Amino acid sequence: MAERIKPAEKFKRERTPMKEQAPLERIKNFKEVPLGYTLEDAIAEAQRCLQCNPAACIAGCPADVRIPQFIDKVIDEDIEGAFLEIKKTNALPAVCGRVCPQEDQCEGACVMEKKGKPIAIGRLERFVADKARELNLKDAEPTRNANTANKKIAIVGAGPAGLACAADLVKLGYDVTIFEALHKAGGVLIYGIPEFRLPKSIVGYEVEKIREMGVKIYTDYVIGYVKKVDDLVEEYDAVFLANGAGAPSFFGIPGENLKGVYSASEYLTRSNLMRAFDFPKYDTPITKGKKVAVVGGGNVAMDAVRTAKRLGADDAIIVYRRSRTEMPARAEEIEHAEAEGIQFELLTNPVKVIGDENGNVKALECVKMELGEPDESGRRRPKEIPGSNFTLDVDVVIIAIGQNANPIVARSATGVETNKWGYFVADEETGKTTHPKVWAGGDIVTGAATVILAVGAGKKAAKSIHETLSS
Ligand SMILES: Cc1cc2nc3c(=O)[nH]c(=O)nc-3n(C[C@H](O)[C@H](O)[C@H](O)COP(=O)(O)OP(=O)(O)OC[C@H]3O[C@@H](n4cnc5c(N)ncnc54)[C@H](O)[C@@H]3O)c2cc1C
């Protein structure tokens with residue numbers, strides 16, 4: 001058992017680094033880039049935690065993970081205790097430990113952040129979840145409750161919001177069924193985020209654990225076509241809508257319909273869900289460009305450009321209309337992309353995709369931009385520099401400028417109000433919609449956001465559904 005160290009020593013210690021695959025090696029494969037902590041790394045990092053009470057990090061976690069409590073157990077090498085502590089409130093720890101924007105959540109709130117070295121909470125959460133998987137540790141048994149067991153809940157969508165809601169409700173004893181349009185559960189975790197950031201086997205494992213708790217998951221089941229939300233309202237005691245924001249945005253510029261232009265959603269789905277990355281085992285149709293331009297500056301753009309590099313692009317280029325400072329992608333993703341040789345055409349916007357005589361992409365015409373006054377998002381507004389047009393010779397263009405609500409679910413939901421963008425109108429604290437039997441949460445309420453916010457929304461809805469059904 002490792003010792004507790006004195007506060008003065010905690011302040012002196014640096015954050016424990018995590019080993020990762022070297023850039024030149026990793027661009028040749030789809031294996032995970034960060035390699036995770038060893039037990040020694042995890043203990044050294046856990047020893048730095050100040051064990052604050054009250055803990056600002058918990059307040060910064062939408063899943064309410066009792067962070068100091070699980071970290072303390074790591075020092076004692078009590079992996080099972082740490083795992084059960086996390087699992088009390090978070091059904092997806094291996095996922096969240098990997099892809100949450102911890103810098104804006106728990107780690108952003110950590111007292112050590114003021115010294116520039118917050119506790120690596122995400123890495124520790126990942127360590128505990130991975131070790132628990134290796135050891136095949138069991139979750140706590142769901143409560144058997146005669147008052148809730150006869151109440152049926154329907155959930156639309158098996159992304160993080162739907163899964164988190166299902167896990168909390170099944171723990172309370174409810175009869176929970178998820179309807180998922182795709183052939184696999186996980187939402188963006190399975191079809192959007194690439195293998196080198198979030199291995200599919202890890203998502204699959206955490207989904208399986210939720211299934212083992214008793215949640216029924218029907219895949220290939222499109223609500224809006226196979227059944228309407230109105231039918232679910234008739235058949236179930238409560239309905240939670242968590243269908244995400246999966247419809248891609250385009251610019252509407254000339255040439256966007258040429259062969260070789262993809263939305264990032266389609267490109268990543270072909271690579272992840274249809275396993276184009278797993279070639280030659282899978283023969284998925286995808287244009288493996290030699291010169292690929294990805295337009296956008298968020299996590300989705302970074303995932304698409306790094307995927308293109310691994311699929312064999314010599315030049316994989318980010319085209320972004322603002323500067324590096326305004327890029328919305330996580331800092332770590334940008335740094336990983338830079339280390340992998342991704343090129344950045346900053347302050348640049350596309351105006352036209354140029355095709356050859358066969359209708360294939362051959363270039364992207366762009367214009368240079370400059371930054372003006374801040375806009376409503378607080379970021380400086382980009383303005384075109386007249387006459388600065390130039391072309392990039394590329395054979396694939398991927399558009400990663402955001403996702404929207406798909407109207408299929410909303411069209412089948414009588415009495416559930418949507419806003420002008422097609423997102424459900426739902427109370428931020430409870431997820432209640434304008435229909436008394438329907439709740440909603442995750443990207444389909446907020447627009448494209450983050451995994452942990454979706455998890456948080458699923459949990460809030462579960463709490464509110466329970467309060468309503470048990471009152
Ligand atoms: C490429 C990419 C990378 C990202 N990277 C990160 C990251 O690193 N960190 C982070 O925190 N966030 C990231 N995000 C954002 C994050 O993944 C989302 O905010 C989160 O997944 C939203 O969860 P959700 O459950 O609301 O929706 P989703 O994950 O979109 O899940 C919705 C589910 O509903 C299903 N569905 C849709 N329509 C129907 C229907 N009619 N019937 C039945 N089922 C339906 C969908 O198939 C899907 O499985 C990323 C997003 C993308 C696209």
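Residues numbered from 1 in each chain as written. Predicted model: local features only at pLDDT ≥ 70, side-chain atom pairs only at ≥ 80, totals over all residues. Heavy atoms only, no water.

Right, let's talk about the pairing of strand S4 (residues 238-241) for a bit. Residues Ala238 and Phe240 of S4 are buried on one face, and the alternating residues Val239 and Leu241, pointing to the opposite face, are buried as well. Looking at chain direction, strand S1 (residues 152-156) and S4 are connected through 4 bridges and run parallel. Among the inter-strand pairings, Ile155 is bridged to a residue of S4, identified as Phe240. Bridge count between S4 and strand S16 (residues 438-440): 3 bridges; the pairing is parallel. For Leu241, the partnering residue across the bridge sits in S16 and is Ala440. (Buried < 20%, exposed > 50% of the residue type's maximum accessible area, 1.4 Å probe, protein only. Helix = DSSP H or I, 4+ residues; strand = E, 2+ residues; numbered from the N terminus. Pairing = 2+ DSSP bridges.)

Going through the model one piece at a time under the given rule, you end up with 39 salt bridges. A salt bridge links Asp76 to Arg4, with the shortest nitrogen-to-oxygen separation between them at 2.7 Å. Of the two residues, Asp76 sits in the loop between helix H5 (67-75) and helix H6 (79-87) while Arg4 sits in the segment before helix H1 (7-12), which places them 72 residues apart along the sequence. On the basis of relative accessibility, which here comes to 28%, the residue Asp76 falls in the partly exposed class. With a relative accessible area of 40%, Arg4 lands in the partly exposed category. Among the ionic pairs, Lys87 bridges to Asp139, the shortest N-O distance being 2.8 Å. Residue Lys87 is located in helix H6, and its partner Asp139 is located in the loop between helix H9 (121-134) and helix H10 (146-149); the two are separated by 52 residues in the primary sequence. (Salt bridge = Lys/Arg side-chain N within 4 Å of Asp/Glu carboxyl O.)

We now examine the side chain of Lys459. By the element assignment, Lys459 lies in helix H20 (residues 451-469). Looking at Lys459, its side chain comes within polar contact range of the side chain of Asp168, at 2.9 Å. Residues contacting Lys459, with those up to four places away along its chain left out, are Pro62, Ala63, Thr89, Ala164 and Asp168. (Polar contact = N/O pair within 3.5 Å; in protein donor to acceptor, adjacent residues only side chain to side chain. Contact = heavy atoms within 4.5 Å.)

If you look at soluble globular proteins, the nonpolar side chains tend to sit buried side by side. Of all hydrophobic cores here, the largest spans 78 residues; its most connected members are Ile67, Phe70, Ile71, Ile153, Val176, Phe240 and Ile465. Summarising the domain contributions, this core has at least three residues from each of domain 1 (7-134) and domain 2 (146-246 + 405-469). Look past the residues within four positions of Val176 in its chain and what remains in contact with it is Ile153, Ile155, Ala166, Leu169, Val170, Gly214, Val215 and Lys216. Among the nonpolar cores identified, the runner-up in size contains 29 residues, and Tyr262, Ala264, Ile286 and Ala400 belong to it. (Core = buried A, V, L, I, M, F, W, Y, C linked by side-chain atoms within 4.5 Å. Domains from an automatic or database assignment.)

We now examine the domain arrangement of the protein chain. Its domain assignment divides the protein chain into domain 1 (7-134), domain 2 (146-246 + 405-469) and domain 3 (249-402). Computed from C-alpha atoms alone, the centre-to-centre distance between domain 1 and domain 3 is 32 Å. The partner domain 3 presents 12 residues to the 13 residues of domain 1 that form the contact. Summing both sides of the interface, domain 1 and domain 3 together bury roughly 1,100 Å²; the carbon and sulfur share of this comes to 55%. (Buried area = accessible area lost by both parts, 1.4 Å probe.)

For the rest of this paragraph, the subject is the site of the ligand. Around the ligand, the structure places 35 residues, and the nearest of them are Val99, Glu180, Arg197, Ile223 and Asp443. Between the ligand and Ala161 there is a distance of 3.0 Å, counted from an oxygen atom to a backbone nitrogen or oxygen. At 2.9 Å, a backbone N or O of Val451 approaches an oxygen atom of the ligand. For the ligand, whose unbound accessible area comes to 1,000 Å², protein coverage reaches 93%. Of all elements in the fold, only helix H11 (160-171), helix H16 (299-310) and H20 reach the threshold of two or more residues within the shell around the ligand. Looking at which element gives the most residues to the shell around the ligand, the answer is H16, with 3 residues. Taken together, the residues that form the shell around the ligand break down as 21 nonpolar, 10 polar and 4 charged. Counting contributing residues per domain, the shell around the ligand is built from domain 2 (146-246 + 405-469) and domain 3 (249-402), each supplying no fewer than three. (Near = heavy atom within 4 Å. Areas by Shrake-Rupley, 256 points an atom, 1.4 Å probe, with all protein chains shown as cover. Nonpolar A, V, L, I, M, F, W, Y, C, P; charged D, E, K, R; others polar.)

Bringing the sheet that holds strand S7 (residues 291-295) into the picture now. With respect to topology, 5 strands assemble into an open sheet ordered S6-S14-S7-S8-S9, the strand pairing being parallel. Two strands lie at the open edges of the sheet, namely strand S6 (261-263) and strand S9 (343-345), each paired on one side alone. For this sheet, the mean inter-axis angle between neighbouring strands, taken without regard to orientation, is 25 degrees. Where S6 and strand S14 (residues 396-399) come together, 3 bridges link them in parallel fashion. Paired with Tyr262 across the bridge in S14 is Ile398. (Axes fitted to C-alpha atoms, helices over the stretch in contact; angles between N-to-C directions.)

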